[in-house]
Structures are given as structure tokens and as C-alpha cells.
Amino acid sequence: MSQDTLFLKIVRKEIPADLVYQDDLVTAFRDINPQAPTHILVVPNHVIPTLADVTENDEQVLGRMLRVASQLAQKDGLAEDGYRVMINCRDHGGQEVYHLHLHLLGGRPLGPMLARRG
Ligand code: AMP
């Protein structure tokens, strides 16, 4: 079923990706369609479909995702100027891949968080 996500195949190295980090809980790789000079995705090594599906049991992996994002931002030289971390959730959030992931974006000024309406 939905357990076999695209990102799970990347975690298991069944399909290629530009991996930048992996540990017992999370994997990070560069987005295939980068929206900024640095665009890295950090995902749990097991499938949590969306942020709306997280439970108390996921607190450790959620914390790890943020800490790894912070470390990778530092490593890519983003920490001083700053960067953005984003999670899209379900339909209205524009989520395309139903395997929880955070986007780490930086390397240029990123502008307003949302396109302005009208
Ligand atoms: P979201 O809209 O938050 O679900 O983001 C999904 C992201 O996954 C998009 O930014 C895609 O460019 C990215 N993506 C899709 N397929 C791959 C892939 N095979 N390797 C790396 N990134 C991917």
C-alpha cells in the first residue's frame, strides 16, 4: 500500500538520489527540482504520510529532522544569512509526496513566505 513511497525507496537506496545525510532515524537528499541554490529534503526513514498524521511516538524523529536541517544549513554555509524550513501538508498545503519531509531552502533571499493575494 502507501507504505512504499518514492522517498522510502530513496531511503533504502533503491532509487538514486543526491544523499547528503543519513542516520538511524532520518535521511536527507537534494531536491530534484531545486527552488533555491540549496534545496534539501529531510525525511523520516519510515513512512509518516503527512504532518497531520504525527503522534507522540514521532517526537524524537521530528526533533531529529529539525536538528539535521540546522546542521546541514550550517554545512552549506546558510546559517549566517539565514534560510527557510518548510513542511507542506496535504492538499491545501501543496504536498505532492505523501511521505513527511521538510524542505531546507537557502542561498538567496527567499522573499515573502506566500505569494500575495491581489
Ligand atoms: P512537496 O510538494 O512538499 O510534497 O514536495 C515534494 C518535493 O519532492 C518537490 O520539491 C520535488 O521536486 C521533490 N522530488 C520529487 N521527486 C524527487 C526525487 N526523486 N528526488 C528528489 N526530490 C524529489
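Keep in mind that what you see is a predicted model, and the values were worked out from it rather than measured. (Residues numbered from 1 in each chain as written. Predicted model: local features only at pLDDT ≥ 70, side-chain atom pairs only at ≥ 80, totals over all residues. Heavy atoms only, no water.)

A. Representation of the pairing of strand β3 (residues 38-44) in the model. The buried fraction of β3 amounts to 7 of the 7 residues, a majority that puts the element mostly inside the structure. Of the two faces of β3, the one holding T38, I40, V42 and P44 and the one holding H39, L41 and V43 are both buried throughout. Two elements, strand β2 (residues 26-30) and β3, share 5 bridges in a ladder whose sense is antiparallel. Paired with T27 across the bridge in β3 is V43. Sheet analysis places β3 next to strand β5 (residues 102-106), joined by 5 bridges and oriented antiparallel. Across the sheet, V42 pairs through a bridge with L102, a residue of β5. (Buried < 20%, exposed > 50% of the residue type's maximum accessible area, 1.4 Å probe, protein only. Helix = DSSP H or I, 4+ residues; strand = E, 2+ residues; numbered from the N terminus. Pairing = 2+ DSSP bridges.)

B. View of the site of the ligand. Around the ligand sit 16 residues in total, of which D31, N88, E96, H101 and H103 are the nearest. H101 places a polar side-chain atom, nitrogen or oxygen, 2.8 Å from an oxygen atom of the ligand. Within the complex, the protein chains bury 86% of what would otherwise be the 510 Å² of accessible surface of the ligand. In this structure the site holding the ligand corresponds to the largest pocket. Considering every element that reaches the shell around the ligand, the biggest residue donor is helix α1 (residues 6-11), with 3 residues. Grouping the amino acids of the shell around the ligand by side-chain chemistry returns 7 nonpolar, 6 polar and 3 charged. (Near = heavy atom within 4 Å. Polar contact = N/O pair within 3.5 Å; in protein donor to acceptor, adjacent residues only side chain to side chain. Areas by Shrake-Rupley, 256 points an atom, 1.4 Å probe, with all protein chains shown as cover. 1 Å grid on protein atoms, 1.4 Å probe; cavity = no way out; pocket = protein on both sides within 12 Å on 5 of 7 lines; lining within 4 Å. Sits in = over half its atoms within 2 Å of the grid points. Nonpolar A, V, L, I, M, F, W, Y, C, P; charged D, E, K, R; others polar.)

By themselves, these are just geometric observations and shouldn't be taken as functional.
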